[in-house]
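These are the residues of each chain, in order.
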Amino acid sequence: MSVTSSGSATYSDALEGSNAKRGLWSSRFAFILAATGSAVGLGNIWKFPYVTGENGGGAFVLVYLLCIAIVGIPIMMAEVMIGRRGGRSPVNSIRLITERDRLNPAWKLVGAIGVLAGFLILSFYSVIGGWAISYVGTTASGQLAGQSAEAVGAIFSGLLSNPSTLMLWHTVFMVLVMIVVARGVRSGLERAVSILMPALFVLLLMVVGYAMTTGHFGQAAAFLFQPDFSKLTTSGVLVALGHAFFTLSLGMAVMMAYGSYLPKKISIAKTSITVSVIDTGVALLAGLAIFPIVFANGLEPGAGPGLIFQTLPLAFGQMPMGTLFGTLFFVLLIFAAWTSGISLLEPIVEWLEEQKGMNRTISTIAAGGVCWALGIASVLSLNLWADVAPLGFIPMLEGKTIFDLLDFFTANILLPLGGLLVALFAGWVMSRQAMENELSLSPTMFNLWFIIVRFVTPVAVAIVFIYNLM
Ligand code: TRP
């Protein structure tokens, strides 16, 4: 992500003490690329289809879309706005704003939640990133060509049952993330994202094209877009809300960190909407690619986290030049996961640098090392500890492995909680004048946004939490 060192003039109305040396994004486009690189990842291609399958399809998708529109976009705007207003790393941005406006410094908690969530998410994210790396080899070797659903399923179970292979690829993924973060995120990434993201999009379109030939496209579209509310549970609503935060990289102050580099003249609303629309588009395309294959092969939509690894290889095994396209697809999936992984580690490293005074390399090794070690628990959850459900005595968490619990706790609890704090901070604490200046919306649009962050988001998150506790 390129951050130029010019442009300090546009910072003239930033908070005093905010330093001009940090530089700004080279353009609105650069910010969109970086934010999209963070948002589009395993959440869109791996997680969205499987949670949709597990939660019965259409009604879940509708709730998810509503959560993106009503909660996600306004919270993204709030995060970017707070970041730009503070002009520092999340913790320091909030500290600056609270000091200047004499507010309670406890709001720094938002940054702390972000650091904790980053550790926990990256630990299992890296394991799934490892699956994607392993599938590059599986696809490139040509062993998927013409295989049956059973054979493809057996290849996947074979991977999961092998802790040492999983550890190897988990380690490779984590090291890839650490290398970029240690060297500083600002070089090369922007160019990579601007080529690789569109390429991923095109390949997804190709799989959707193949999916249309399976004869089950209509059934899949109906599954995704015809809501059947009898299939929607309260926990499904919680998962939809949590996933909206997860997929947009919200609730962890990542967008706040990125927003601190956004030049003043750029519209926060337009950029947030653009990022959210791209992110949602990729997820829906992934759904349209995967579910026709699920139905055509008599597979189970609720198969869980392995869903894309049991369906996409079937498509690549059957389409012309599938070995080539399949390999390319998994390579691009790794890149999507990589840019997201970087945005999970970066805030932790920034926090260690600022708060603990460590240098960047040491911070990266420390933070990455802890995530890597935590990831071992997720690796073992897939095989040796597959029957270990540490919190199984709680009805809602019955049968959940450590891996399932990490996913559940971060996406469905920590991120919405982080988002709730951001909403409360923007809706009740920050100066209205400052926010009007930052967002520069028409009075109607500002009021709409303000009502959402002040009332709608906090109430929605609270209701979903309370219902699920009962
Ligand atoms: N949004 C990414 C995905 O969909 C995951 C992610 C990256 C994330 N950074 C984040 C989620 C920060 C929450 C917060 O794969």
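Residues numbered from 1 in each chain as written. Predicted model: local features only at pLDDT ≥ 70, side-chain atom pairs only at ≥ 80, totals over all residues. Heavy atoms only, no water.

Draft legend 1. Geometry of the packing of aromatic side chains. Per the stated rule, a full pass over the model turns up 21 aromatic pairs. Relative to phenylalanine 309, the ring of phenylalanine 156 has its centre 5.8 Å away and its plane inclined at 10°; by these criteria the two rings are stacked. Residue phenylalanine 156 is located in helix H6 (residues 149-160), and its partner phenylalanine 309 is located in helix H13 (residues 307-318); the two are separated by 153 residues in the primary sequence. Chaining the aromatic ring pairs together yields one cluster made of Trp131, Tyr135, Phe156, Phe309, Phe316, Phe329 and Phe330. Positioned above the aromatic ring of phenylalanine 246 is the side chain of lysine 47, whose terminal nitrogen or guanidinium carbon lies 4.5 Å from the ring centre. Above the ring of tryptophan 428, the side-chain terminus of arginine 454 is found at 3.7 Å from the ring centroid. (Phe/Tyr/Trp six-rings, centres within 6.5 Å; stacked < 30°, edge-to-face > 60°. Helix = DSSP H or I, 4+ residues; strand = E, 2+ residues; numbered from the N terminus. Lys NZ or Arg CZ within 6 Å of the ring centre and 35° of its normal.)

Draft legend 2. View of the site of the ligand. What surrounds the ligand is a group of 16 residues, the closest being Ala39, Gly43, Tyr125, Phe246 and Ser343. The separation between a nitrogen atom of the ligand and a polar main-chain atom of serine 38 is 3.3 Å. Here leucine 42 contributes a backbone N or O atom positioned 3.1 Å from an oxygen atom of the ligand. Starting from 360 Å² of accessible surface for the ligand in isolation, the protein chains cover 100%. Listed by contribution, the elements that provide at least two residues to the shell around the ligand are helix H1 (28-39), helix H2 (42-54), helix H10 (234-247) and helix H14 (322-356). Of the residues in the shell around the ligand, the class split is eight nonpolar, eight polar and no charged. (Near = heavy atom within 4 Å. Polar contact = N/O pair within 3.5 Å; in protein donor to acceptor, adjacent residues only side chain to side chain. Areas by Shrake-Rupley, 256 points an atom, 1.4 Å probe, with all protein chains shown as cover. Nonpolar A, V, L, I, M, F, W, Y, C, P; charged D, E, K, R; others polar.)

Draft legend 3. Representation of the side chain of threonine 457 within the structure. Residue placement: threonine 457 occurs in helix H18 (residues 443-469). Since its relative accessible area comes to 0%, threonine 457 is described here as buried. (Buried < 20%, exposed > 50% of the residue type's maximum accessible area, 1.4 Å probe, protein only.)

Draft legend 4. Main features of the confidence of the model for the chain. Model confidence for the chain is summarised by a mean pLDDT of 89, while 93% of its residues fall at 70 or above. For the chain, per-element mean pLDDT is lowest for strand S1 (residues 3-4), which scores 41, and highest for H2, which scores 97. Within the model, pLDDT remains below 50 along residues 1-21, and this stretch shows 51 contacts once partners closer than five positions in the same chain are excluded. (pLDDT = per-residue confidence, 0-100. Contact = heavy atoms within 4.5 Å.)

Draft legend 5. How the structure looks around the pattern of salt bridges. Within the structure shown, the criterion is met by nine salt bridges. Measuring nitrogen to oxygen at the nearest pair gives 2.9 Å for the salt bridge that ties aspartate 407 to lysine 47. Placement of the pair is aspartate 407 in helix H16 (residues 402-429) and lysine 47 in helix H2, with a sequence separation of 360 residues. Grouping residues by exposure puts aspartate 407 and lysine 47 together as buried. Taken together, the shared-partner salt bridges in this structure form one network comprising Arg84, Arg85, Lys264 and Glu438. (Salt bridge = Lys/Arg side-chain N within 4 Å of Asp/Glu carboxyl O.)

Draft legend 6. The arrangement of H18 in detail. For H18, which comprises 27 residues, the first-to-last C-alpha distance of 38 Å matches the rise-based estimate of 39 Å (1.5 Å per residue) to within 8%. Residue isoleucine 452 marks the point of greatest curvature in H18, where the axis turns by about 40°. Along H18, the residues that are buried comprise Phe446, Trp449, Phe450, Ile452, Val453, Thr457, Pro458, Val461, Val464, Phe465 and Asn468. Looking at the packing, one finds that the buried side of H18 touches helix H3 (58-86), H10, H16 and helix H17 (432-439). (Expected span 1.5 Å × (residues − 1). Bend = angle between axes of the 7 residues up to and from the residue.)

Draft legend 7. How the structure looks around the nonpolar core. If you look at the biggest cluster of nonpolar residues, it comprises 159 residues, and the most contacted ones within it are Trp131, Phe329 and Trp449. No other element matches helix H5 (residues 109-140), which puts 17 residues into this core. With residues near it in sequence (within four places) discarded, phenylalanine 329 still touches Ile45, Leu200, Leu203, Leu204, Leu312 and Phe316. (Core = buried A, V, L, I, M, F, W, Y, C linked by side-chain atoms within 4.5 Å.)

Draft legend 8. Focus on a nonpolar patch on the surface. A grouping of Leu62, Leu66, Ile70, Phe229, Trp428, Ile451, Phe455 and Val456 is seen on the molecular surface, where their side chains present a nonpolar patch of about 720 Å² in accessible area. For the nonpolar patch, the elements supplying multiple residues, two or more each, are H3 and H18. As for its position among the elements, valine 456 is in helix H18. (Patch = residues over 30% accessible without salt bridge, like charges linked within 9 Å, V, L, I, M, F, W, Y side chains within 5 Å.)

Draft legend 9. Focus on H2. Between the first and last C-alpha of H2 there are 17 Å, a value that for 13 residues agrees with the 18 Å anticipated at 1.5 Å per step. Its maximal kink placed at phenylalanine 48, H2 deviates by approximately 35°, while the proline proline 49 follows within four residues. Of all 13 residues in H2, 12 are buried; the element is thus mostly enclosed. Along H2, the residues classified as buried are Leu42, Gly43, Asn44, Ile45, Trp46, Lys47, Phe48, Pro49, Tyr50, Val51, Thr52 and Gly53. In the segment just after H2, glycine 56 is the residue with positive phi, at about 85°.

Draft legend 10. Structural context of the side chain of serine 134. Tracing the chain through its elements places serine 134 in helix H5. The contact partners of serine 134, leaving out residues within four places of it in the chain, are Leu159 and Trp169.

Draft legend 11. How the structure looks around the environment of leucine 332. For leucine 332, the location among the structural elements is in helix H14. Once you skip the residues sitting within four places of it in the chain, leucine 332 turns out to touch Leu196, Ala199, Leu200 and Leu203.

Draft legend 12. Quick peek at the packing of helix H9 (residues 217-225) against helix H12 (residues 268-296). Packing of H9 against H12 leaves a shortest axis separation of 8 Å and a crossing angle of 125°. Taken as axis vectors, H9 and H12 run oblique relative to one another. H12 is crossed by H9, and the crossing has right-handed handedness. In this structure, H9 uses Phe217, Gln219, Ala220, Ala221, Phe223, Leu224 and Phe225 to contact H12, whose residues at the interface are Leu284, Gly287, Leu288, Phe291, Pro292 and Phe295. Per-class residue counts for the contact of H9 with H12 are 11 nonpolar, two polar and no charged. (Axes fitted to C-alpha atoms, helices over the stretch in contact; angles between N-to-C directions. Parallel < 35°, antiparallel > 145°, perpendicular 65-115°, else oblique. Left-handed = near helix turned anticlockwise from the far one by under 90°.)

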